[in-house]
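As a plain string of letters, each chain reads:
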Amino acid sequence: QSSGINAEYGGTLRDYLVGFMERINPLMNFEKERERIHDDFEEKWEMGTFPGWGRDPTSAMKTGNILDLTPFDSPEELASLGLDRLKTALQALNLKCGGTLMERAQRLFSTKGRDLNDLDPSVYAKSKKSMEESVRQQEVALLEAFVYHYTELLSEQRAGTRENVERRQARTADEVDDDEDEDVVEEDDDDEDVVPYNPKNLPLGWDGKPIPYWLYKLHGLNLYFNCEICGNFKYRGPKAFQRHFAEWRHAHGMRCLNIPNTAHFANVTLIEDARALWEKIRAEKNKEKFQKEYEEEFEDSHGNVVSRKVFNDLKRQGLL
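Residues numbered from 1 in each chain as written. Predicted model: local features only at pLDDT ≥ 70, side-chain atom pairs only at ≥ 80, totals over all residues. Heavy atoms only, no water.

(A) Broad picture of a negative patch on the surface. On the surface, a cluster of negative charge is contributed by D174, E175, D177 and E180. With a relative accessible area of 36%, D177 lands in the partly exposed category. (Patch = residues over 30% accessible without salt bridge, like charges linked within 9 Å, V, L, I, M, F, W, Y side chains within 5 Å. Areas by Shrake-Rupley, 256 points an atom, 1.4 Å probe, with all protein chains shown as cover. Salt bridge = Lys/Arg side-chain N within 4 Å of Asp/Glu carboxyl O. Lys, Arg positive; Asp, Glu negative; His and termini not counted. Charge placed at Lys NZ, Arg CZ, Asp CG, Glu CD. Buried < 20%, exposed > 50% of the residue type's maximum accessible area, 1.4 Å probe, protein only.)

(B) Geometry of the packing of aromatic side chains. Counted by the stated rule, this structure contains 9 aromatic pairs. Plain terms: the ring middles of F241 and F245 are 5.2 Å apart, the flat faces sit at 75 degrees to each other, and that makes the pair edge-to-face. F245 matches F241 in its accessibility class, with the two residues each being buried. Through pairs of rings, three or more aromatic residues link up here, namely F41, W45, F50 and Y148. Of note, K200 hangs over the ring of Y213, and the distance from its end group to the ring centre comes to 5.2 Å. (Phe/Tyr/Trp six-rings, centres within 6.5 Å; stacked < 30°, edge-to-face > 60°. Lys NZ or Arg CZ within 6 Å of the ring centre and 35° of its normal.)

(C) Examining the packing of helix α5 (residues 83–92) against helix α6 (residues 101–109) more closely. One can describe the packing of α5 onto α6 by two numbers: an axis separation of 10 Å at closest approach and a directional angle of 35 degrees. You can see that α5 and α6 cross each other, and the crossing is left-handed. Along the contact surface, α5 presents L83, L86, K87, A89 and L90, while α6 presents L101, R104, A105, R107 and L108. (Axes fitted to C-alpha atoms, helices over the stretch in contact; angles between N-to-C directions. Helix = DSSP H or I, 4+ residues; strand = E, 2+ residues; numbered from the N terminus. Left-handed = near helix turned anticlockwise from the far one by under 90°. Contact = heavy atoms within 4.5 Å.)

Structural measurements only, silent on function.
Below, the structure is given as structure tokens:
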């Protein structure tokens, strides 16, 4: 994991992810983000919980070989355990395990009742080479921490890229041919007025070139919608068709029919349907109007309440 090749690859990958993140999110505080990643990494590294970089798997075995020195009162008693047992006990404490039987016993007995940090550094077995290897491993692990973090931040973009690749891999032969046809464009740098190659009659984009075929199909631009109220004008795509009901052409056609352009007439494109709907709406509104003949009330001399029509009839007959 700590080889130069992996370290170089990890650095290149980190720089790419950071550069990509800076392009899509330039307002992000990258300095603060780096500090947070570094602090989180240092905490996990000290605890040995960083993914893929746990503590040495043999450490548990070494811990099991630690010798309890409480029952021993002198190096001579320790020497009775033998060379092999003293060697494993010294290795468990990461101390030098060479020398004679008595030297090993004395070196191990010197740790009784003392903190290992208070011992003479010369008794430790860890070499300069292993220290350099540990530092190199920590540097590679820090690169991985950056890669893990920015990969998580870019999870949405990665999912979209994966989906696009899978979609392109699932295309049929006809769709591949269509995409190849749309990529064939005549290039002429000397003449800017050259008409672009457009065999499928695709709409032109902001750059004056035909839009991609998949975008053409996505927006339904291959569908045409006719509106009789607009003078049989044809609209390309459902989005333009829905939008035209609030535009001037449709509003002018409704005014010519003496019909208000309200929400009741949304999606109505035929003149006959619009007139029929307007008549129905007017009939319903007339029913809701106040009718004096039947709804206005009068009271006779006896206190009886009758409608206007009945009151006039009784009055003509002289019954009031």
